[in-house]
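Fold and geometry: a report
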Number of protein chains: 2
Amino acid sequence: MIIYSKQVCTLDGIVEAYVKIKDGKIISIDKSCDSEFIDYSNLIIMPGYIDIHIHGWANGSFWMEKTPESIWKMQEHLPKCGVTSFLATTGADSIEETCRSIEAANIVYLNQKKGADFLGVHMEGPFISKEYKGLQQEEHCIEPNINLMERFYNLQDDKSMIKLMTLAPELNNAKELIKYNKERKIQNSIGHSGASFDCIKELKQYGLGGVTHMFSGMKAFHHRELSVVGAALYFDDLYCEFAKQTGMTVKHEAFDFVYRLKSDDKVYLTTDCQGIARTQKPFYHYIRGEKFEPDNGKLKITKDSGEIEFIDPDDYDSVKDLEVSYEDSVKNMLKHTNMDLISLSKITSLNPAKYIGVDNKKGSIEIGKDADIIALDSNFNVIKCYCKGIEY
Amino acid sequence: MIIYSKQVCTLDGIVEAYVKIKDGKIISIDKSCDSEFIDYSNLIIMPGYIDIHIHGWANGSFWMEKTPESIWKMQEHLPKCGVTSFLATTGADSIEETCRSIEAANIVYLNQKKGADFLGVHMEGPFISKEYKGLQQEEHCIEPNINLMERFYNLQDDKSMIKLMTLAPELNNAKELIKYNKERKIQNSIGHSGASFDCIKELKQYGLGGVTHMFSGMKAFHHRELSVVGAALYFDDLYCEFAKQTGMTVKHEAFDFVYRLKSDDKVYLTTDCQGIARTQKPFYHYIRGEKFEPDNGKLKITKDSGEIEFIDPDDYDSVKDLEVSYEDSVKNMLKHTNMDLISLSKITSLNPAKYIGVDNKKGSIEIGKDADIIALDSNFNVIKCYCKGIEY
């Protein structure tokens, strides 16, 4: 299969090119072509979005359901939003529930269904701070424990499945955890943390790669105690994740100056979507001011105003607008921050791929990499999506 | 007079040059010379430091004494620290005391003594926020009042003497004050302020040029309400003043990332020194944890530990180390932030000159500008200082 466009976004520039795909890989990028090709002349061809912080999407929630089916549904529907690969993300849960999550992920990791590539697991917790828990469950925010981490690690059939862990470096034993993860190629992200600047400065050398959802769930900046936010701003080599650019959680102007400071090399986008329709128990979302609860097979949503709505949690179209998709997050961001296509492709694809160590096969349109490709119109609507060369 | 060095810092680069001075001005910068010259081969030749936020220095305090003599002493001693021109700075005081300050400044403005060039007055208040008063006197922090501003303005014999005003844009009538000042070429700086981001965004167009002592005395950044700090970070065109780089008031790392974000075009250094030895009444400095009080012609210093010291407030050498000089502030900064000489000359000279509108005659080593020149050794010690061509 050959895809043609006047605007193919490669790391070397935006080029007019014919991208040849075989066995799910990009095998050539040519200036001319003498065989049949799919003509996307007026669309932008970009590497697919990589969401490394997503708990659930629409009618599948790994965090809330902890089933293979929940991840398979994410695989099925994420390409509609331009996401061609992802890390299914846990939250702070009981040890048993966390183990159940890893076991479910195991099954999918070895039995991928068609759709977005399931790259593995991002463990957001349980080794995070109670004080900065955000939407996490306080009783399950615990201190780092290597034996427990080993138990999680050993539950994986493929020892490369857990690729990322969000943790609070100020907690006891964090240094050992960071080293343990680093040795096993699990990237360490600072998140749900009240760490001091000096704590991060000291532990960075053992393998702290960046911060999870910059600004949220972390100790704020002060000019005499820079804390997590200040460390993320100061240290050139720390990556900053921004989750869901709606302008609600983090104002666009805050994103904007961090992006300018850190450059397009050290910022990446995620959605942090939860698949909230699939909640298994009543759940109050304090930022949205809405209560979500399962009710006889339906999802009951009670707003702070008292207004009540029932929707079908299984029906994709009914639930897809409950949260902001990767596609819409990109559009929101571009309304407020000037960015060329190459920078966009870095913060949505190359940087998350690098962060979790899969940039040998993901993150850019390059010969030899997986054919994870999206075609966008000039308004950044996702028109076509290919995951390993298969169209969705 | 001709000054020669292998390293003359001009805006076009660091050049080997012969700088010819006549009648207090730079009249040529040449590659060769066939007359007598002063040989500073191994020293760095830079434009003199310009301190536009200094209340007092060593044995002269404009803020505390409000006398022509206090400014004359600043003129006399500032060249020792490389400062070749300055704005004497008021604080929030009673109306009568503020008027007395302006009258004292008037006298000096028309009767400059030798030494650093007295460029006029920076009014830090009285139109500032009680809530963000810092070391200012709360009872004298008042709302903007155009009639009162006009009274201050009209007290000047030369209507260009007041060059800068620090104010809180969130206060009632601030818009009128900002416009009033702008029309009279008085630069408006946001300081001692709890302004919201939106307030600054709206009032910027009427003439807000930047912020006074970045981070201190202003509402902190939050990612959902960026406030003064966030506005300073976000808006490219706002200048950021950093006062006294000791690492105590503002951590070096906080300075560092702001400098990288804003670039060497929009940051400038001041000392915010008070001439604390000249206090006229007991004064507790909460950051230092020391009480200063006049005591029978001596200055009594009582530390929080109970330790007491007496010094002679008239004796330059006894008091010069009570506060960190411009020279030492530069040295501190350079220990922690990489900066070439041209950037250094911008943030210490060109930028403050631009900010207060005197860059037609100050701020760089250029033909036609005042011969305000310092010679530094490689450790940034001030070895020689020329103010309008006169050596100090």
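All chains use their own residue numbering, which begins from 1 and follows the written sequence. The lettering of chains begins at A and the numbering of ligands begins at 1, in the order of writing. The model is predicted, so local features are restricted to residues of pLDDT at least 70 and side-chain atom pairs to those at 80 or more, both for listing and for counting; the totals for chains, interfaces and linings are taken over all residues. As a convention, hydrogens and water are excluded, and side-chain values are obtained from all of the structure's heavy atoms.

1. Quick look at the overall build of chain A
Keep this limit in mind: Working definition: helices are DSSP H or I runs of at least four residues, strands are E runs of at least two. Numbering for both runs from the N terminus. To get the radius of gyration, use the C-alpha atoms; to get the globule rule, take the number of residues to the power 0.38 and multiply by 2.2 Å. For the exposure calls, accessible area comes from a 1.4 Å probe over protein chains only, and a residue counts as buried if that area is under 20% of its type's maximum, exposed if over 50%, partly exposed in between. Here, two residues are considered to be in contact whenever any of their heavy atoms come within 4.5 Å of each other. For every accessible area listed, the method is Shrake-Rupley and the probe measures 1.4 Å; residues are considered covered only by the protein chains on display. Charge assignment: positive for Lys and Arg, negative for Asp and Glu; neither His nor the chain ends contribute. Throughout, a charge is located at the NZ atom of Lys, the CZ atom of Arg, the CG atom of Asp or the CD atom of Glu.
Summing up its helical and strand segments, chain A has 11 helices and 22 strands in all. Whereas a compact globule of 392 residues would reach a radius of gyration of roughly 21 Å, chain A reaches 20 Å, a difference of no more than 12%. Seen through its principal axes, chain A has C-alpha atoms that stretch 60 × 50 × 45 Å. Residues classed as buried in chain A amount to 63% of the 392 residues present. Looking at chain A alone, contacts between residues at least 24 apart form 68% of all its contacts between residues at least 6 apart. Of the accessible surface of chain A, which amounts to about 15,000 Å², a share of 45% is contributed by carbon and sulfur atoms. Each charge class in chain A was averaged separately, 47 positive and 59 negative side chains, and the resulting centres sit 2 Å apart.

2. Regarding the sheet that holds strand β16 (residues 283-285) of chain A
All names here are of chain A. To be explicit about the condition: Two strands qualify as a pair provided that DSSP identifies no fewer than 2 bridges between them. Working convention: axes come from line fits to C-alpha atoms, limited for helices to the stretch in contact. Angles between N-to-C directions cover 0 to 180 degrees.
With antiparallel pairing, the 4 strands of this open sheet are ordered in space as β16-β17-β18-β19. The sheet terminates laterally at β16 and β19 (308-311), the two strands that pair on one side only. Strand-to-strand, the axes of this sheet are offset by a mean angle of 25 degrees, without reference to chain direction.

3. Some thoughts on the relation of the copies chain A and chain B
For clarity, the threshold we go by: The copies were overlaid with a least-squares fit restricted to C-alpha atoms from residues scoring a pLDDT of at least 70 in each copy.
It takes a turn of 180 degrees to lay chain A on chain B, together with a shift of 0.1 Å along the axis; the resulting RMSD is 0.0 Å. Those values place the two copies in the arrangement expected of a two-fold rotation axis. For chain A, the minimum C-alpha distance to the rotation axis belongs to L261 of chain A and amounts to 2.6 Å. When the interface residues of chain A are mapped onto chain B, 100% of them again fall at the interface, so both copies present the same face.

4. Comments concerning the interface of chain A and chain B
Test applied: Values labelled buried area give the accessible surface lost by two parts on being combined, using a 1.4 Å probe and summing over both. Within this document, salt bridges are pairs made up of a side-chain nitrogen of Lys or Arg and a carboxyl oxygen of Asp or Glu, the two lying within 4 Å of each other. Any pair of nitrogen or oxygen atoms within 3.5 Å is treated as a polar contact; in protein, a donor-acceptor pairing is required on top of that, and neighbouring residues in sequence qualify only through side-chain atoms on both sides. By the convention adopted, Pro, Cys, Tyr, Trp, Phe, Met, Ile, Leu, Val and Ala count as nonpolar, Lys, Arg, Asp and Glu as charged, and the other residues, Gly among them, as polar.
In this complex, chain A contributes 21 residues to the contact, which on the side of chain B involves 21 residues. Summing both sides of the interface, chain A and chain B together bury roughly 2,200 Å²; the carbon and sulfur share of this comes to 65%. Viewed at the interface, chain B and chain A are joined by 2 salt bridges. Residue R260 of chain A is joined to D236 of chain B by a salt bridge in which the shortest nitrogen-to-oxygen separation is 2.9 Å. Viewed at the interface, chain B and chain A are joined by 8 residue pairs in polar contact (both at pLDDT 80 or more). Going through the elements one at a time, α6 (197-203), α7 (227-234) and α8 (252-262) of chain A are the ones with two or more residues in the side of chain A that touches chain B. Per-element accounting of the side of chain A that touches chain B gives the leading share, 6 residues, to α8 of chain A. For the side of chain A that touches chain B, the class distribution of residues is 11 nonpolar, 3 polar and 7 charged.

5. Digging into the pairing of strand β3 (residues 25-30) of chain B
Bridge count between strand β2 (residues 13-22) of chain B and β3 of chain B: 5 bridges; the pairing is antiparallel. Looking across to β3 of chain B, one finds that K20 of chain B is bridged to S28 of chain B.

6. Description of the packing of aromatic side chains
Residue and element names in this part refer to chain A. Defined as follows: When two rings of Phe, Tyr or Trp (its six-membered ring) have centres within 6.5 Å they constitute a pair, described as stacked for plane angles under 30 degrees, edge-to-face for angles over 60, and tilted for the intermediate range.
Taken as a whole and judged by the stated rule, the model has 40 aromatic pairs over all chains. Between F242 and F255, the ring centres sit 4.9 Å apart and the planes meet at 85 degrees, which makes this aromatic pair edge-to-face. With F242 in strand β14 (residues 239-243) and F255 in helix α8, this residue pair connects regions lying 13 residues apart in the sequence. Exposure remark for F255: the relative accessible area of 1% places this residue in the buried category.

7. A few points about helix α2 (residues 68-77) of chain A
The buried fraction of α2 of chain A is high, at 7 of 10 residues. All of the buried residues in α2 of chain A are P68, S70, I71, W72, M74, Q75 and H77 of chain A.

8. Notes on the packing of α8 of chain A against helix α8 (residues 252-262) of chain B
Keep this limit in mind: Small angles under 35 degrees read as roughly parallel and large ones over 145 as roughly antiparallel, with 65 to 115 read as roughly perpendicular and the rest as oblique.
For the pair α8 of chain A and α8 of chain B, the least separation of the axes is 9 Å and the interaxial angle reads 90 degrees. By the angle between their axes, α8 of chain A is roughly perpendicular relative to α8 of chain B. Counted together, F257, R260 and L261 of chain A of α8 of chain A and F257, R260 and L261 of chain B of α8 of chain B form the full contact between these two elements. Each residue belonging to the contact of α8 of chain A with α8 of chain B can be placed in one class, and the counts come to 4 nonpolar, no polar and 2 charged.

9. Some thoughts on the confidence of the model for chain A
Residues shown with low pLDDT carry predicted positions that ought not to be read at fine detail. Here is the rule we go by: What pLDDT conveys is the predictor's confidence in a given residue, as a value from 0 to 100.
A residue-level look at chain A finds 100% of positions with pLDDT of 70 or above and a mean pLDDT of 96. Here the complex is predicted with pTM 0.95, and the ipTM for its interfaces comes to 0.93.

10. Topic: the pattern of salt bridges
Counted under the stated rule, the structure contains 50 salt bridges over all chains. Its salt-bridge partner being D117 of chain B, residue K362 of chain B comes within 2.6 Å of it at the nearest N-O pair. Placement of the pair is K362 of chain B in the loop between α11 (341-355) and β20 (373-376) and D117 of chain B in strand β10 (residues 117-124), with a sequence separation of 245 residues. For the pair K362 of chain B and D117 of chain B, a shared accessibility class is recorded, and that class is buried. What you see here is one network of salt bridges that share partners, running through K25, D117, K362, D370, D372 and K388 of chain A.

11. Describing the environment of F235 of chain A
Residue and element names in this part refer to chain A. Structurally, F235 is set in the loop between α7 and β14. In this structure, the C-alpha to C-alpha distance between F235 and K262, residues 27 residues apart in sequence, is 8.9 Å. Every residue in contact with F235, bar those within four places of it in the chain, is listed here: F197, K201, K204 and K262.

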